[in-house]
Amino acid sequence: AQSVTQPDIHITVSEGASLELRCNYSYGATPYLFWYVQSPGQGLQLLLKYFSGDTLVQGIKGFEAEFKRSQSSFNLRKPSVHWSDAAEYFCAVGANSGNTPLVFGKGTRLSVIA
Amino acid sequence: GAVVSQHPSWVICKSGTSVKIECRSLDFQATTMFWYRQFPKQSLMLMATSNEGSKATYEQGVEKDKFLINHASLTLSTLTVTSAHPEDSSFYICSARENSGGFFGPGTRLTVL
């Protein structure tokens, strides 16, 4: 069965510091991987996605993620965090079919301190 | 990119009433849409898969008579929470996939008094 694990429930980083949010997945076929961000009371915003090709993908807001098949990971990174990055981050996996839903991790809450 | 809208964005209702939430794909056709529910500080939980022109597929533990789903066209799916109770208060989010991407509506905050 497909699943997504985000090991860190809550992470606190200082503004300007680098960030890495971990995501591990279990999927029977070639996964399509996504990272979403959600601010309190808001919907989901797509940060980036990986379908195929270059395993390092660039997203919006200066985020990037690296797909590592051997480790079944798709970790999200940002070299310098801004206070506005404080939010909930969700990793998701899905098939290359529009008829199947995405499976989400439990999320990682990011706090940014001055 | 593809856009999914939801209406209303928030609703407050009395216990025992029914509430309808609309989900529209604005610039693409979605034969399949998905309804999720999110409790505070938790992840998204898939409730059901909405298929255009046919019955929805519900996840285990989700009452199909409680959460009525209708997908009458390729751009519209509706979720009706029937006889709502306070425990139905939650954030409901719809989603559609286009070219394997996952696009989400902005969500509907339901509060049942």
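J.: Any details on the sheet that holds strand β1 (residues 4-7) of chain B? Residues and values, ideally.
T.: Residues and elements named next belong to chain B. Pairing within the open sheet is antiparallel, and its four strands lie in the order β1-β3-β8-β7. Sheet topology places β1 and β7 (67-73) at the edges, where each strand pairs with a single neighbour. Across the sheet, the mean angle separating the axes of adjacent strands is 15° when strand polarity is ignored. Bridging between strand β3 (residues 19-25) and strand β8 (residues 76-81) involves six bridges; their strand directions are antiparallel.

J.: Give a detailed account of the layout of surface pockets, specifying residues and quantitative values.
T.: Here the largest pocket is characterised by a volume of approximately 690 Å³. Glu-88 of chain A together with Gln-38, Pro-40, Lys-41 and Gln-42 of chain B are, among the 27 residues lining the largest pocket, the residues nearest its centre. Listing elements by their share of the lining of the largest pocket, those giving two or more residues are β10 (87-94) of chain A together with β4 (32-38) and β5 (44-51) of chain B. For the lining of the largest pocket, the leading source of residues is β10 of chain A, giving three residues. Its residues placed into classes, the lining of the largest pocket shows ten nonpolar, eleven polar and six charged. Computed from the structure, the second largest pocket encloses a volume of approximately 210 Å³.

J.: So what's going on with the interface of chain A and chain B? Residues and values would help.
T.: Often the size quoted for an interface is simply the accessible area lost on bringing the parts together. Counting residues at the interface gives 22 residues for chain A and 21 residues for chain B. Buried area between chain A and chain B, both sides added, is near 1600 Å², and the carbon and sulfur share of it is 55%. When the area that chain A buries against chain B is broken down by residue, the three leading residues are Leu-44, Pro-101 and Phe-104 of chain A, summing to 27%. At the junction of chain A with chain B, the criterion picks out zero salt bridges. When residues of the side of chain A that touches chain B are traced back to their parent elements, those giving at least two are β5 (32-38) and β10 of chain A. Looking at the side of chain A that touches chain B residue by residue, the class counts come to ten nonpolar, eleven polar and one charged.

J.: Go over the environment of Ser-73 of chain A, please, and point to the residues and values.
T.: Residue and element names in this part refer to chain A. By the secondary structure assignment, Ser-73 is in strand β9 (residues 73-78). On a C-alpha basis, the gap between Ser-73 and Glu-20 in space is 12 Å, while along the polypeptide they are 53 residues apart. Not counting chain neighbours up to four residues away, the residues in contact with Ser-73 comprise Cys-23, Asn-24, Tyr-25, Glu-66, Phe-67 and Lys-68.

J.: Describe the state of the cysteines, naming the residues involved and giving the relevant values.
T.: In this structure the tally under the stated criterion is two disulfides over all chains. Between the sulfur atoms of Cys-23 of chain A and its disulfide partner Cys-91 of chain A the distance amounts to 2.0 Å. Since a negative S-S torsion denotes a left-handed disulfide, the Cys-23 of chain A-Cys-91 of chain A link at about -65° is left-handed. In this pair, Cys-23 of chain A is assigned in the loop between β3 (19-21) and β4 (24-26) and Cys-91 of chain A in strand β10, connecting sequence segments 68 residues apart. Across a sulfur-sulfur distance of 2.0 Å, Cys-23 of chain B and Cys-94 of chain B are joined as a disulfide pair. One disulfide, between Cys-23 of chain B and Cys-94 of chain B, carries an S-S torsion of 80° and so falls in the right-handed class. You can see Cys-23 of chain B sitting in strand β3 and its partner Cys-94 of chain B sitting in strand β9 (residues 90-98), a full 71 residues away along the chain. Here Cys-23 of chain B matches Cys-94 of chain B in class, with each residue buried.

Criteria and thresholds
Per-chain numbering applies: the sequence of each chain, read as written, is numbered from 1 onward. Lettering for chains starts from A, numbering for ligands starts from 1, and both go in the order in which the items are written. Residue-level local features of this predicted model are given only where pLDDT is at least 70; pairs of side-chain atoms are given and counted only at 80 or more, and the full residue set underlies all totals for whole chains, interfaces and linings. Only hydrogens and water are removed before side-chain values are computed, so all heavy atoms of the structure are retained for them. Paired strands, in this sense, are two strands between which DSSP finds at least two bridges. The helix count covers DSSP runs of H or I at least four residues long, the strand count covers runs of E at least two residues long, and both are numbered beginning at the N terminus. Each axis is a line fitted through C-alpha atoms, taken for helices only over the stretch in contact, and angles between the N-to-C directions span 0 to 180 degrees. Here a cavity denotes a set of grid points, spaced 1 Å apart and computed over the protein atoms alone, in which a 1.4 Å probe fits but from which it cannot get out, and a pocket denotes an open set meeting protein on both sides within 12 Å along at least five of seven lines; residues with an atom within 4 Å of a point are reported as lining. Grid points are joined across faces, edges and corners, and a volume is the space filled by probe spheres set on the points. Here the nonpolar group is Ala, Val, Leu, Ile, Met, Phe, Trp, Tyr, Cys and Pro; Asp, Glu, Lys and Arg are the charged ones; every other residue, Gly included, is treated as polar. Residue contacts are counted whenever heavy atoms from the two residues lie within 4.5 Å of one another. Buried area is a sum: the accessible area each of two parts loses on coming together, probed at 1.4 Å, counted once for each and added. Salt-bridge detection follows one rule: a side-chain nitrogen of Lys or Arg within 4 Å of a carboxyl oxygen of Asp or Glu. Criterion for a disulfide: a pair of cysteine sulfur atoms at a distance within 2.5 Å. Throughout, exposure labels follow a simple rule: accessible area from a 1.4 Å probe, protein chains only, divided by the maximum for the residue type, with under 20% read as buried, over 50% as exposed, and the rest as partly exposed.

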